[in-house]
Structures are given as C-alpha cells and as structure tokens.
Protein chains: 2
Amino acid sequence: MKTERLRKLRAAGWKVGTTRDFLNLSDEEAMLVELKLTLADALKLTRKKRGMSQIELAQRMGSSQSRVAKIEAGDASVSFDLIIRAFLAAGATRQELQRAFSIKEKVAA
Amino acid sequence: MKTERLRKLRAAGWKVGTTRDFLNLSDEEAMLVELKLTLADALKLTRKKRGMSQIELAQRMGSSQSRVAKIEAGDASVSFDLIIRAFLAAGATRQELQRAFSIKEKVAA
DNA sequence: TGAGTATATGTCGTATTTGACATATACTGC
DNA sequence: GCAGTATATGTCAAATACGACATATACTCA
C-alpha cells in the first residue's frame, strides 16, 4: 500500500496505524475501506465530468456541501448508502456504478 | 415489475404503494432499493452455497441471527454497509460482490 | 494583491441503524 | 403428531450517520 493512500485514510479519520497495522485489519474491513475510497474517487470524477459543483450535487441529493466534501474525502462517518446515493445523484448509471466497484488499486503495495 | 417483488418490498417495510407509485419514486431511490434486494438475494445464495447458517454468519460478522435474517429479507432498516459486510463475511470475493451488483432484474415489468 | 468561488474541516442536535433479545413460524426427519 | 434446527418478525436502548452551520483553506482570474 502506498504512503499517499495511507495518509488519506488517516486524514479521513480511519483508525489506521502503520502500514503493518493496516494489513492486520481483517480482510473484510480492509476491503470495505478500499471499496469506499474507490467509490469516493469515482464519484468525484463523475461529478467533475458533469461540471457539477459540490453544492449542486448536495442540492440534488438533499444534502449539504460539507457532507459531499466528506463523501469524496472518504471520511469515516460516511456510509455506503450515502456514497451510492451521491453517485446516482451525480447522474451515474447503474452500469457506471458497477464499473466503479471493479476498479482496483492502481498500484500494488 | 412483478407482483412478487412488490409483495416482498412491502413485507420488508418499504413505503411502497401500487406499482404505479413505485414507478413514481425517483429513479435513484428505486435503483437503490433494487440494488439492495439484488445484493440481499446474492448474499443468501452465497451463504447457502457455503453451507453456512444465519447464526454462523452472524457470529462471523459480530452480529445476530435476527439481523442476518433482516438483511436477507431486504428489510428497510438495513444499510448497504451491513449488506456488504455480510457479503464479505460470507466469504465472497470482491469480484463476486461486483458481479452481484451487475445482476439485473430477471423479468422486465 | 484581493475578491469571488469551490472545497475542506470541525462540531452538534437529531435521525437512522445497530446488536440483542424474545418469540413466532417454517422446515425436516422420525 | 413431536423434537430439533433454521429462519422470520417485533421491539428497544445504544451506537452511528445525518444535514446543517461556522469557518478555514484552496483555487482562479484580474
């Protein structure tokens, strides 16, 4: 795992220690976190592709700019439900959502 | 949409009226519900394929049999996070999870 | 540089989701 | 029919996620 991603995890409030500690999380937990970050990145991309601001997206989904920011930052307080809602509200199709789920880490640790 | 699925939605506590009403839900909301039910079905299949009882799965994921039952029933009180957690705890790979996301309705309404 | 816009971060009261428990129903072999 | 096992349903206190707000920081363009 790259240092940058680790930094991002910590910044987002995840209880992550060293790389070693992270690897010691149960596979499920690790995969869950990875999935969320992957979706968060995909959401950000989708939103920008549509030339949409966080405020616009927030309005579309009945939320607030700050929460959208947290979603995209992979904040620990954000659920899958909210990410997926945001994704769909950003205009993504089910197929795009599915594709986002399949994107793996760009770089192996 | 088939009547059976509609019945299932109501039974699960979703605020669903007639087929017409359902179709009037925002596309996002409808897709969200559909996705949850799809995942719920896939989870049940995965669990049974591994010869696992709801109690076993519950223990693996630190939850209870009743909640696993609700997950598989597509209960309205269950989040994506919990479904995905269950899915992974049932031993599904990320690829299987992704595949589950891609499964569409078997029958068009 | 500064104004204008976009995004990030921290906090909080409220709403939703949770595991746990009790208990009901379904299924299976006898 | 009756056990024994699996699954379903209802409820609730505690945990978590939520939108909202304030405010900080970043980015653009003149």
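Residues numbered from 1 in each chain as written. Chains lettered and ligands numbered in written order. Predicted model: local features only at pLDDT ≥ 70, side-chain atom pairs only at ≥ 80, totals over all residues. Heavy atoms only, no water.

## Digging into helix H3 (residues 27-49) of chain A
The α-helix winds at 3.6 residues per turn, so residues separated by three or four positions along the chain end up facing the same way. Compared with an ideal rise of 1.5 Å per residue, which puts 23 residues at 33 Å, H3 of chain A spans 33 Å between its outermost C-alpha atoms and is within 8% of the ideal. Just beyond H3 of chain A, the residue with positive phi is Gly 51 of chain A, at close to 60°. (Helix = DSSP H or I, 4+ residues; strand = E, 2+ residues; numbered from the N terminus. Expected span 1.5 Å × (residues − 1).)

## Examining the protein's contact with DNA strand C
With respect to spatial proximity, 17 residues lie near DNA strand C, and among them Gln 54 of chain A together with Ser 66, Arg 67, Ser 77 and Ser 79 of chain B are the closest. By atom count, sugar and phosphate contribute 44% of the portion of DNA strand C lying within 4 Å of the protein. Take Ser 63 of chain B: an N or O atom from its side chain is 3.1 Å from a phosphate oxygen of DNA strand C. The separation between a base nitrogen of DNA strand C and a polar side-chain atom of Ser 64 of chain B is 3.3 Å. Secondary structure elements with two or more residues in the surface near DNA strand C: H3 and helix H5 (65-73) of chain A together with helix H5 (65-73) of chain B. At four residues, H5 of chain A tops the list of elements feeding residues into the surface near DNA strand C. Partitioning the surface near DNA strand C into residue classes produces three nonpolar, 10 polar and four charged. (Near = heavy atom within 4 Å. Polar contact = N/O pair within 3.5 Å; in protein donor to acceptor, adjacent residues only side chain to side chain. Nonpolar A, V, L, I, M, F, W, Y, C, P; charged D, E, K, R; others polar.)

## Concerning the interface of chain A and chain B
In this assembly, 22 residues from chain A lie in contact with 22 residues from chain B. Along the contact surface separating chain A from chain B lie four salt bridges. Applying the counting criterion to the chain A and chain B interface returns four residue pairs in polar contact (both at pLDDT 80 or more). Those elements that place two or more of their residues in the side of chain A that touches chain B are H3, helix H6 (80-89) and helix H7 (94-102) of chain A. Ranked by residues supplied to the side of chain A that touches chain B, first place goes to H3 of chain A with eight residues. Looking at the side of chain A that touches chain B residue by residue, the class counts come to 10 nonpolar, four polar and eight charged. (Contact = heavy atoms within 4.5 Å. Salt bridge = Lys/Arg side-chain N within 4 Å of Asp/Glu carboxyl O.)

So yeah, pure geometry; function would need other evidence.
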